[in-house]
Each structure stands twice: as structure tokens, then as C-alpha cells.
Amino acid sequence: DQWLQQTAPRQLVAHFGGQQLGNLDLSTAERTLIAVGPEGGLTDEEAAQAGANGWQLVDLGCRVLRVETAAVVLASAVALARISHHQEHKGHEEIK
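These figures come from a predicted structure and were not determined experimentally.

On to the overall build of the protein. Looking only at helices and strands, one finds two helices and three strands in the protein. Expressed as a percentage of its 96 residues, the buried residues of the protein come to 27%. Nonlocal contacts in the protein, meaning residues at least 24 apart in sequence, comprise 69% of its contacts between residues at least 6 apart. Surface exposure of the protein reaches about 6400 Å², of which carbon and sulfur atoms provide 51%.

Next comes the structure, spelled out in C-alpha cells:
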């Protein structure tokens, strides 16, 4: 799959059984790629391939989310952590 070949300092893929979203340190302001699988999630083989390609598996919680919702949840968590980190280290300046 082409998405597996993408690289960034941080690569997160939603997958049940991965590291809990709330336990991740997303505070660094590095470039982040996110991916979500189809409804029903990634297969075990796809998850293993993602991990082998440097993607971190992230569990979004106990409820099964629609693809559209999972993408927004993961992107929002990264954006919120980035904003919080920026405000802690730079004051309340606008993020560009």
C-alpha cells in the first residue's frame, strides 16, 4: 500500500489494540502523518506492515468509530497537543 511508504518524523495509524491515544506524547511540533483504516479497522497483517514501516499504532478508545470520525479525532488530538505545547513554550502567540 502506498500510504505505508510515506514518511515523517511521526506517523500515527488508528488501530484497536495500539497505544492508548491519551498515553501518547504528541506535544512536539514535528510533522505528523495520520492514517485510519477502512471501517472495521486494519487487518492484523496491515497493522504489522504499518509497524514495520515505522507507523505507531494508536488506539482511539473502546468505541468503533466511523472512518470520518476517527480521522477527525486523531487529527484533533495532534493539533491540540501542538497548540498546547506551543503556548507553554512560546506564550500565547499565534501559531503559523
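On to the layout of surface pockets, then. Considering only enclosed or pocket space, the largest pocket measures out at about 370 Å³ in volume. Forming the boundary of the largest pocket are 21 residues, of which His15, Phe16, Gly41, Val64 and Leu65 lie nearest the centre. Contributing elements (two or more residues each) for the lining of the largest pocket: strand E1 (10–20), strand E3 (56–59) and helix H2 (67–90). Considering every element that reaches the lining of the largest pocket, the biggest residue donor is E1, with three residues. Here the lining of the largest pocket is composed, by residue class, of twelve nonpolar, five polar and four charged.

Okay, the sheet that holds E1 next. Spatially, three strands are ordered E2-E1-E3 in an open sheet, and the strand pairing comes out parallel. Two strands close off the open sheet at either side, each with one partner strand: strand E2 (32–35) and E3. Across the sheet, the mean angle separating the axes of adjacent strands is 45° when strand polarity is ignored. Bridge count between E1 and E2: four bridges; the pairing is parallel. Bridge pairing links leucine 12 to isoleucine 34 in E2.

About the thresholds
Residues numbered from 1 in each chain as written. Predicted model: local features only at pLDDT ≥ 70, side-chain atom pairs only at ≥ 80, totals over all residues. Heavy atoms only, no water. Helix = DSSP H or I, 4+ residues; strand = E, 2+ residues; numbered from the N terminus. Buried < 20%, exposed > 50% of the residue type's maximum accessible area, 1.4 Å probe, protein only. Contact = heavy atoms within 4.5 Å. Areas by Shrake-Rupley, 256 points an atom, 1.4 Å probe, with all protein chains shown as cover. 1 Å grid on protein atoms, 1.4 Å probe; cavity = no way out; pocket = protein on both sides within 12 Å on 5 of 7 lines; lining within 4 Å. Points joined across faces, edges and corners; volume = space filled by probe spheres on them. Nonpolar A, V, L, I, M, F, W, Y, C, P; charged D, E, K, R; others polar. Pairing = 2+ DSSP bridges. Axes fitted to C-alpha atoms, helices over the stretch in contact; angles between N-to-C directions.

Read these as spatial facts, not as claims about activity.
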